[in-house]
Amino acid sequence: VSAAAATATGPHAATERPSTLAVYRDDGPLARALGRALPREIARRPSVLLALPGVLGLVAALAVGGADTPRGAAAAVLAWLVAWTGASSGASHRDRLAWAAPPLVRLGEYAGLVWIATLHGGAAEPAAFALLCALAFRHYDLVYRLRHQGATPAAWVDALSLGWEGRLVLAFVLLVVGALPAAYFAWAALLAVVFVGEAVVSWVRHSRGQRTVEYEDEEDEGQ
Amino acid sequence: VTSEVRQTQTQTVDPPRALTGATGVAAAPRRRTAAPVAAAVVLATAPARDGGGPAALLPWEDGTVLSRLLGQLSGLGVREAHVLTRPAWRGAVEAEAERAGGAVRVHAAGAVDGDLRRIAELSAQGGGALVVLYGDIVTHREALAGLLADPRIATGILAGGGATARPFAFRVRGRRGRLVSAASPYHAVFRPTASFLGVLKVGPGDRAALADAAERVAAVTRELPPAWRDELDRKARMWRYALYRAAHGEQYSDADGDADGPGPEADALGEDDGGEADALPASGALELSDEDEARLRERTAAAPDDAVAMLLVGMIRSGAHVSLSHLRALYWARTLSAGAVDSARHEITGYDEDRVLLDSAVKASDGFFTTFFVSPYSRYLARWAARRGFTPNQVTTVSVLIGVLAAAAFATGERWGLIAGAVLLQAAFTTDCVDGQLARYTRQFSKLGAWLDSVFDRTKEYAAFAGLAIGASRAGDPVWLLACSALALQSVRHMADFSYGAGQQQVIGATGQPPVEQSGDTWSVAADARRAARRAEIEAAAAAGRAPAELPETAAPAAPGDRVHGLLRGVLSAWHVVDRLGAVRWLKKMIAFPIGERFAAISLTAALFTPRVTFVVLLAWGGFASLYTLAGRVLRSVVR
């Protein structure tokens, strides 16, 4: 593991910055609010205990209803997922199984977004693939940028990306208003431009900072 | 402890061609030599065995071992060097420093606590990275460069060997690329994983921690606590035992890194269920030859001056993040006698440094397909690229372009397109291996490069998915749902890997370190406690007239929870034991479905069958791999 990741997870960083696992979760305001509302005694429990029931509910709905699930039932399942898995953001991230929560969150999000597309019909599936591509870029970037640059994306990008639960809610709204294939494509394009653009800008800034240091070094060497 | 000849790795020697030699320069690829380390502190405090001065001043060609090392350091951009020595040797060392030229300052102190205080002072003043090392080390410039010039290592050590120890090197224990424990003359390490080769690089951010550690250790060395004395005695008995075993042919294997037995430093004590300090034969029972007695005296005489090993323990015990840079197959020795210098000179000139560097550029942790079907030739592509002056980032860019072409070919949906895509995807994967090997071979690591490499790997894979799905739709068999599922599964699997790694780092960071005053590390203290409990139990059983074998494993009556825990622990250790069978280890790697296997599976199924088959295979293999790794991780998290 690189030194950058180490500094990010180091004891000094822990107090100022959210933990690495919290960054990986990619929670939005709604999930964080649910997490803060957790009673103290539940918040001490492992986060996976809260994240798991939510995702299991979604998996059960996929197995039972699949693409033919009525919209009302789908809304209830998504609400169940957001409530449980969202609330897990406020639970312990320091226990032995703390690592299990972020991949569960991701599974819930991706499976939920694809499921919403299938509720619309086969025509929305390519759009779901496009949306997943854009989101996958963000999630890999969260990990790799923290590891190699020691930084996370800018706050406005986090706000614009809504968090995983915000995206599920928006996707369902888009389904209900009948905007689906087109809206998913447009959304994917917007997110792709924002995510990739901001990542490139951050690297340009970062390497510009590095270059000045190197330049000074060379001058020193020449003396 | 064994003869100096044995400390070298046995290696077939290709025709001599050193990179730094006159013949090698023209062919050598560009290597970056920026100024990564500002200052060096070189310890010329270990006495030469034959008397008459410090081992660092033993002659080497026109100069000495010390001047050779100072030359290597300044060649690596180290701007100032401080040589610490004893007052009696000051004059000789100063004369040598003057000959070496450059900014070399000599400091003399009467004993190791003086050395440590000087290091504390030097560390507290000035900025930039600092390297602390022994002046009697003979190794390749590239071995030093691997640690000093790697920007990814802020604070780290040069480490060698796997399971076996090396003479004059103390043992360390690493976990996930980070040191969690280290040995010194006065400190024991539990289940060591590598050897500390006497070079410690301290990043700018850790210089204050180094100064603190040096002050602290200096204070303790002024009056040795009983625990430290006991540990040094134990080490001396261990070294004697190792020499005795070596002389009687039961030598620990230093030749290959696969040996499982503990080396002499690997602490008879360190093995959980193995012997303990009391189990070492009494010194009187182990007669050594005069030559070996001299060697043992040399070793025990040098031990109390081992300031660098003590500093490393101090750093780790203060919670600093110390990484490892591996020597790999390069040569390293601490030469404490004229004979040792001779054999070192003989060994090091016989090394084909370029060959070793090229071989070490291949990642050791790669999967089956990558190791056997790509790396054997990709390393030569890496060397070719290095000679043509290509940068790793250029190769990465070429790789992603080929990947996009592969996706476009897949998107045609025709048979020729699927076959062309399969071939192009393999070409993209090969170039992807080349960029990493090129970066390691030419030491051109950059943070942006690492980010680009990782992001483009994912881009290639998911672009191939998109291409296959588009092609399938054109061919009249839409598979978008399968494509979405495959993408989601692979991303979630990656997220689980990252998350598990972060969780492990969190655990390592949260593990408390005992103070330097304590000899044993966290784990050896726990093991001692387990042994003491076991011994008390046996004694109690003997008093009650029962055979100890009838006793259960634990002193307390085993609760059902304990029994389950013990069973799981047994499953885990059996799981690790089968790794010793090479075939099983490779099979386990393949089951986990690493990138080489994934790309091979995509290419093969796409070229021979249809995109639908590709996605079904990816989902089935990936799904099985998820369950497999998940089970292992949950087990390890629960049992720990």
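The structure this text deals with has already been given above.
(A) Spotlight on the overall build of chain B. Helices and strands together make up the secondary structure of chain B, namely 20 helices and 13 strands. Long-range contacts, defined as pairs at least 24 residues apart, comprise 80% of the intrachain contacts of chain B with a sequence gap of at least 6. Accessible area for chain B stands at about 25900 Å²; split by element, carbon and sulfur atoms hold 59% of it.

(B) Seen up close, the interface of chain A and chain B. Residue-level contacts link 40 residues of chain A with 41 residues of chain B. Carbon and sulfur atoms supply 72% of the area buried between chain A and chain B, which totals about 3900 Å² over both sides. Sorting the residues of chain A by area buried against chain B places Trp99(A), Phe129(A) and Tyr140(A) first, and these three jointly supply 21% of that buried surface. Joining chain A to chain B, the criterion identifies 0 salt bridges. Counting across the chain A and chain B interface gives 8 residue pairs in polar contact (both at pLDDT 80 or more).

(C) Broad picture of the packing of helix 8 (residues 101–120) of chain A against helix 15 (residues 480–510) of chain B. Orientation of helix 8 of chain A relative to helix 15 of chain B, taken along the N-to-C sense of each, is 165°, at an axis distance of 8 Å. Put simply, helix 8 of chain A runs roughly antiparallel to helix 15 of chain B. Relative to helix 15 of chain B, the crossing made by helix 8 of chain A is right-handed. Here helix 8 of chain A contributes Pro102(A), Pro103(A), Arg106(A), Leu107(A), Tyr110(A), Val114(A) and Thr118(A) to the contact with helix 15 of chain B, which in turn contributes Leu481(B), Cys484(B), Ala488(B), Ser491(B), Val492(B), Met495(B), Ala496(B) and Ser499(B). For the contact of helix 8 of chain A with helix 15 of chain B, a count of residues per class yields 11 nonpolar, 3 polar and 1 charged.

(D) Quick look at helix 9 (residues 338–349) of chain B. All names here are of chain B. Given a rise of 1.5 Å per residue, 12 residues ought to cover 16 Å, and the 17 Å separating the end C-alpha atoms of helix 9 matches this to within 8%. Listed in full, the buried residues belonging to helix 9 are Ala340, Val341, Ser343, Ala344, Glu347 and Ile348. Close packing links the buried residues of helix 9 with strand 2 (59–60), helix 1 (65–75) and strand 7 (137–139).

Cut-offs and rules
- Residues numbered from 1 in each chain as written.
- Chains lettered and ligands numbered in written order.
- Predicted model: local features only at pLDDT ≥ 70, side-chain atom pairs only at ≥ 80, totals over all residues.
- Heavy atoms only, no water.
- Helix = DSSP H or I, 4+ residues; strand = E, 2+ residues; numbered from the N terminus.
- Contact = heavy atoms within 4.5 Å.
- Areas by Shrake-Rupley, 256 points an atom, 1.4 Å probe, with all protein chains shown as cover.
- Buried area = accessible area lost by both parts, 1.4 Å probe.
- Salt bridge = Lys/Arg side-chain N within 4 Å of Asp/Glu carboxyl O.
- Polar contact = N/O pair within 3.5 Å; in protein donor to acceptor, adjacent residues only side chain to side chain.
- Axes fitted to C-alpha atoms, helices over the stretch in contact; angles between N-to-C directions.
- Parallel < 35°, antiparallel > 145°, perpendicular 65-115°, else oblique.
- Left-handed = near helix turned anticlockwise from the far one by under 90°.
- Nonpolar A, V, L, I, M, F, W, Y, C, P; charged D, E, K, R; others polar.
- Expected span 1.5 Å × (residues − 1).
- Buried < 20%, exposed > 50% of the residue type's maximum accessible area, 1.4 Å probe, protein only.

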